Amino acid sequence: MNANLLSYHKVTDRLDFGVTTRTLADFRADVAFIRSLPESQRPEICFDDGYEDAFENAFPILAESELVANLFVITGVLGRRNVWDFTLFGEFKHLTKAQVRELSDAGWRVGSHSKSHLALTTLSVAALRAELRDSKKFLEDLLGKRVTTISFPFGNFDERVVEECKAAGYEEAISIKKPSQDGFVKRSKAVYRFDSLNAIRAKLRNDPLELFRLRVINACSRATILMHRLKGYKPIADAE
Ligand SMILES: [Zn+2]
């Protein structure tokens, strides 16, 4: 992965007031901007969560510009609705196994976004290992390729999580919050609903004000973690 990463979540025109949703028109403009940069300065595009719209909406737009993306899949919810997220405006479907395979065949690089989208730092060692190892094995069996990258749910990690990732065979990790000192965890900047092209430029040059803004928005993910706790959300059983 190169140094500059941008993370997307949903690309859809469906009514949704979530901050992580990007409209098709905005995404098209983002991609045209990225494509216009010299190749050495182009950021890599990442998709967290593995929603169906990565296949239906983002894939064709990127293909028109001959670009591919990195896809980070929550393996426990493939083909299912977003039970792990708490949105006020309807449910969204995750990619099916066949769609993940098709994206991989088209050159998208597929990595893990864990099995259940729990905050990894809160888990017991056994539960943490299951999230890291089961999702990796699931994707490797599905794609017939090695899977060596993980994007951390909510961007949350600590030293223990990094050590367990290395022991599980991951070679790099991504966090939307911060990088690690040793370079194992790379920082990706999330792109949100209200971001202009100027905001994206600011993300790419690590503008301090933009990084502060991202910190404020990312802090909102604590609400989802809190909801998990309140609702007693448990790790998802292995997918079929
Ligand atoms: Zn996520």
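The text that follows walks through the structure, step by step, so that each part is easy to find. Computed from a prediction, not measured in an experiment: that's the story for all the values here. (Residues numbered from 1 in each chain as written. Predicted model: local features only at pLDDT ≥ 70, side-chain atom pairs only at ≥ 80, totals over all residues.)

A look at the overall build of the protein chain
- A count of helical and extended segments in the protein chain gives eight helices and ten strands.
- Relative to the globule expectation of 18 Å for 240 residues, the C-alpha radius of gyration of the protein chain, 17 Å, shows essentially globular dimensions.
- By its C-alpha atoms, the protein chain is 45 × 40 × 35 Å across when sized along the principal axes.
- Burial statistics for the protein chain: of 240 residues in total, 39% are counted as buried.
- Pairs at least 24 residues apart make up 66% of the contacts formed inside the protein chain by residues separated by at least 6 positions. (Helix = DSSP H or I, 4+ residues; strand = E, 2+ residues; numbered from the N terminus. Rg over C-alpha atoms; globule rule 2.2 N^0.38 Å. Buried ≥ 20, exposed ≤ 12 C-beta atoms within 10 Å, placed from the backbone. Contact = placed C-beta atoms within 7 Å.)

Things to note about the environment of Thr 12
- With respect to the helices and strands, the residue Thr 12 is situated in the loop between strand 2 (10-11) and strand 3 (21-22).
- For Thr 12, a count of 21 C-beta atoms within 10 Å puts it in the buried group.
- With 212 residues separating them along the chain, Thr 12 and Thr 224 place their C-alpha atoms 21 Å apart.
- Discounting residues that sit within four places of it in the chain, Thr 12 has contacts with Thr 21, Asp 53 and Asn 57.

So, helix 7 (residues 208-219)
- The terminal C-alpha atoms of helix 7 lie 17 Å apart, and with twelve residues this matches the ideal 16 Å at 1.5 Å per residue to within 8%.
- Burial runs low along helix 7: only one of the twelve residues are buried. (Expected span 1.5 Å × (residues − 1).)

Comments concerning the packing of helix 1 (residues 24-36) against helix 2 (residues 52-64)
- Two elements in contact, helix 1 and helix 2, have axes whose closest approach is 10 Å; the angle formed by their N-to-C orientations is 30 degrees. Taken together, the axes of helix 1 and helix 2 lie roughly parallel to each other. Once helix 1 is placed against helix 2, the crossing between them reads as right-handed. Together, Leu 24, Phe 27, Arg 28 and Val 31 of helix 1 and Asn 57, Ala 58, Ile 61 and Leu 62 of helix 2 make up the contact between the two elements.
- Of the residues belonging to the contact of helix 1 with helix 2, the class tally is six nonpolar, one polar and one charged. (Axes fitted to C-alpha atoms, helices over the stretch in contact; angles between N-to-C directions. Parallel < 35°, antiparallel > 145°, perpendicular 65-115°, else oblique. Left-handed = near helix turned anticlockwise from the far one by under 90°. Nonpolar A, V, L, I, M, F, W, Y, C, P; charged D, E, K, R; others polar.)

A look at the nonpolar core
- By size, the foremost hydrophobic cluster in this structure holds 50 residues, and its most contacted members are Cys 46, Ala 54, Leu 71 and Val 73.
- Contributions of two or more residues to this core are made by strand 1 (5-8), strand 4 (44-49), helix 2, strand 5 (70-73), helix 3 (97-105), helix 4 (125-143), helix 5 (159-168) and strand 8 (172-175).
- The leading source of residues in this core is helix 2, at five residues. (Core = buried A, V, L, I, M, F, W, Y, C linked by C-beta atoms within 7 Å.)

Details of the environment of Ser 124
- Residue placement: Ser 124 occurs in the loop between strand 6 (109-112) and helix 4.
- Owing to 8 C-beta atoms within 10 Å, Ser 124 belongs among the exposed residues under this scheme.

Some points on helix 4
- Its 19 residues give helix 4 an end-to-end C-alpha distance of 27 Å, which sits within 8% of 27 Å, the value for a rise of 1.5 Å per residue.
- Taken residue by residue, helix 4 has Leu 128, Glu 131, Leu 132, Asp 134, Ser 135, Lys 136, Phe 138 and Leu 139 as its buried positions.
- Contacts from the buried residues of helix 4 go to strand 5, strand 6, strand 7 (149-151) and helix 5.
- Backbone geometry just after helix 4 places Gly 144 at a positive phi near 65 degrees.

Thoughts on the pairing of strand 8
- Where strand 7 and strand 8 come together, three bridges link them in parallel fashion. What sits directly across from Ser 151, in strand 8, is Ile 174.
- For strand 8 and strand 9 (residues 185-187), the ladder comprises three bridges, and the chain directions are parallel. Within strand 9, the residue paired with Ser 175 across the bridge is Arg 187. (Pairing = 2+ DSSP bridges.)

Regarding the environment of Ala 130
- Here Ala 130 shows up in helix 4.
- For the pair Ala 130 and Ala 168, spaced 38 residues apart in the sequence, the C-alpha separation amounts to 9.9 Å.
- Every residue in contact with Ala 130, bar those within four places of it in the chain, is listed here: Lys 115 and Pro 235.

Topic: unusual backbone geometry
- Located in the positive-phi region is His 117, a residue other than glycine, with phi close to 60 degrees.
- With respect to the helices and strands, the residue His 117 is situated in the loop between strand 6 and helix 4.
- On the basis of neighbour counts, which here come to 26 C-beta atoms within 10 Å, the residue His 117 falls in the buried class.
- Even without being a glycine, Phe 154 presents a positive backbone phi close to 60 degrees.
- Along the chain, Phe 154 turns up in the loop between strand 7 and helix 5.
- When the 19 C-beta atoms within 10 Å are taken as the criterion, Phe 154 is described as partly exposed.

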